[in-house]
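The residues making up each chain are set out below.
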Amino acid sequence: MDIKNIESSVVKLQNLDMNFYKKKGIFSQPQVVNALHEINFSINKGEVVILVGESGSGKTTMANVIAGLLKPTAGTYEFNGNNINSLTKEQYKEYRNSIQMIQQDSYAALNPMRTMIKSLGDPMLLKKYVNKKDLYDKVSELLETVELTPTDHFIDKYSHQLSGGQRQRMLIARAISMNPELILADEPVSMIDVSLRVAILNLIARLNQERNIAVLYITHDLATARYVGKNGRIAVMYLGTIVETGNVQEVLADPKHPYLRALLSAVPIPDPRLSRMRKKLMITSADLPSITNLPTGCRFHTRCIYCKDICKTQEPKPVQHGSSVVACHLVNELPKFELYEKDAVGLTEDLYA
Ligand SMILES: Nc1ncnc2c1ncn2[C@@H]1O[C@H](COP(=O)(O)OP(=O)(O)OP(=O)(O)O)[C@@H](O)[C@H]1O
Ligand SMILES: [Mg+2]
């Protein structure tokens with residue numbers, strides 16, 4: 001499909017917070033884990049959005065909130081323009097169906113006692129998307145779409161009889177069987193062999209293009225981000241906040257936020273000459289602050305090489321800067337980002353060549 005309607009959002013989050021409460025002992029006060037903080041984020045129809053950030057930055061929490069598995073502590077969540085809290089029972093069902101997840105661990109996500117036809121067929125029968133007579137053909141068609149062919153070979157297999165890449169395709173088939181508007185793919189290739197990854201990434205890209213399914217692709221790997229999000233947007237997360245968003249190519253070619261620059265400077269460069277030329281890692285500390293004792297002001301200030309006094313006390317609000325939206329007090333005074341640091345992403349992209 002060439003013309004995409006990307007004017008209206010499937011999902012829109014405004015000033016959204018998600019807190020968890022952790023208790024150490026029976027008599028202790030629970031500790032607050034502010035896993036998402038003042039999130040303003042939307043996914044438009046048919047769009048690909050990449051969510052990147054290191055471990056613990058809140059990526060999975062965000063996906064769980066979007067999928068309706070977690071109820072946000074504060075803020076608003078709109079699905080197709082309707083507040084999630086005002087949906088009728090029917091609309092709520094439609095919302096839950098329209099957003100499907102592809103998990104990282106395909107082994108855990110599939111029932112080992114069920115064959116492919118049962119795993120794919122039962123939910124469709126239950127939702128009356130298909131009748132018993134047409135089930136075999138419908139499941140075969142789904143297997144064909146995700147390139148599990150010859151389909152007769154796969155239809156009666158159990159999940160343990162499939163390889164990691166095949167199981168991941170099976171999860172994709174299960175997701176699309178519900179005719180979703182949005183697929184949430186949470187590190188879907190991190191547990192499969194490198195040689196099989198690119199085919200899965202291409203399959204997700206094809207479903208986006210052919211069926212206009214929006215995709216939220218979660219990864220901590222910038223090379224994958226660039227590959228999957230060729231024409232999409234990126235949102236960079238740090239400790240529960242979104243620090244930079246914009247077009248993937250533009251953001252990676254001209255990163256503004258010091259955290260994104262640090263991430264780029266940490267990408268390994270296979271060329272030893274370029275690697276030696278490169279500046280040191282652009283952070284003051286490798287340690288992530290504790291999520292239960294977050295820094296005041298900008299959450300990144302304790303590791304930021306550009307940190308000034310204002311960063312320690314005042315939280316930066318996201319502002320438009322060129323074509324990106326950046327949450328950094330110093331965005332107008334940062335030095336230019338050096339070429340050999342950003343080259344790192346281009347070079348590691350060779351992995352997917
Ligand atoms: N149910 C929970 N109870 C308490 N804390 C939680 C819960 N779920 C997540 N957290 C905390 O919220 C923060 C964000 O976690 P999340 O799993 O969303 O991170 P992530 O970006 O997906 O990390 P990873 O890359 O490791 O998957 C972490 O500090 C995590 O420990
Ligand atoms: Mg996660």
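Residues numbered from 1 in each chain as written. Chains lettered and ligands numbered in written order. Predicted model: local features only at pLDDT ≥ 70, side-chain atom pairs only at ≥ 80, totals over all residues. Heavy atoms only, no water.

Q: Give a description of the pattern of salt bridges that names residues and reports values.
A: Counted according to the given criterion, the structure contains 16 salt bridges. The salt bridge partner of Glu-147 is Arg-206, with a shortest N-O separation of 2.9 Å. Here the residue Glu-147 occupies a position in the loop between helix H5 (135-145) and helix H6 (151-154), and Arg-206 occupies one in helix H8 (residues 194-211), the gap between them amounting to 59 residues. Owing to a relative accessible area of 23%, Arg-206 belongs among the partly exposed residues under this scheme. Put simply, Glu-147, Arg-169, Arg-206 and Glu-210 are held in one network by salt bridges that share partners. (Salt bridge = Lys/Arg side-chain N within 4 Å of Asp/Glu carboxyl O. Helix = DSSP H or I, 4+ residues; strand = E, 2+ residues; numbered from the N terminus. Buried < 20%, exposed > 50% of the residue type's maximum accessible area, 1.4 Å probe, protein only.)

Q: Provide a residue-level description of empty space enclosed by the protein, including the pertinent values.
A: Under the defined criterion, the tally for this structure stands at one cavity of 30 Å³ or more. Approximately 70 Å³ is the volume attributed to the largest cavity. Taken together, His-257, Pro-258, Cys-298, Phe-300, His-301, Cys-304, Cys-311, Pro-316, Ala-327, Cys-328, His-329 and Leu-330 form the lining of the largest cavity. In the lining of the largest cavity, the residues fall into nine nonpolar, three polar and no charged. (1 Å grid on protein atoms, 1.4 Å probe; cavity = no way out; pocket = protein on both sides within 12 Å on 5 of 7 lines; lining within 4 Å. Points joined across faces, edges and corners; volume = space filled by probe spheres on them. Nonpolar A, V, L, I, M, F, W, Y, C, P; charged D, E, K, R; others polar.)

Q: Can you tell me about the confidence of the model for the chain, naming the residues and giving the values?
A: The pLDDT averaged across the chain works out to 87; a share of 90% of its residues lies at or above 70. Contacts for the low-pLDDT stretch residues 1-6, under 50 throughout, to residues beyond four places or in other chains number ten contacts. Per-residue pLDDT stays below 50 along residues 346-353; that stretch engages in 15 contacts with residues further than four places along the chain or on separate chains. (pLDDT = per-residue confidence, 0-100. Contact = heavy atoms within 4.5 Å.)

Q: Now, about the packing of aromatic side chains: what can you tell me, with residues and values included?
A: Given two aromatic rings, their pairing is described by the distance between the two centres and the angle made by the two planes. Summed over the entire model, instances satisfying the criterion amount to six aromatic pairs. Aromatic side chains Phe-79 and Tyr-95 sit 5.1 Å apart centroid to centroid with 55° between the ring planes, which places their arrangement in the tilted category. One end of the pair, Phe-79, is in strand E4 (residues 74-79); the other, Tyr-95, is in helix H2 (residues 89-98), with 16 residues separating them in the sequence. No difference in accessibility class separates Phe-79 from Tyr-95, as the two residues are buried. Each ring, one from Tyr-238 and one from Phe-300, has its centre 4.9 Å from the other, and the planes form 80°; the classification is edge-to-face. Taken as a pair, Tyr-238 in strand E9 (residues 233-238) and Phe-300 in the loop between helix H12 (272-277) and helix H13 (309-313) lie far apart in primary sequence, 62 residues in all. Each member of the pair, Tyr-238 together with Phe-300, is buried. Connected via pairs of aromatic rings, a cluster forms that spans Tyr-77, Phe-79, Tyr-92 and Tyr-95. Directly above the aromatic system of Tyr-227 lies the positively charged group of Lys-230, at a separation of 4.3 Å from the ring centroid. (Phe/Tyr/Trp six-rings, centres within 6.5 Å; stacked < 30°, edge-to-face > 60°. Lys NZ or Arg CZ within 6 Å of the ring centre and 35° of its normal.)

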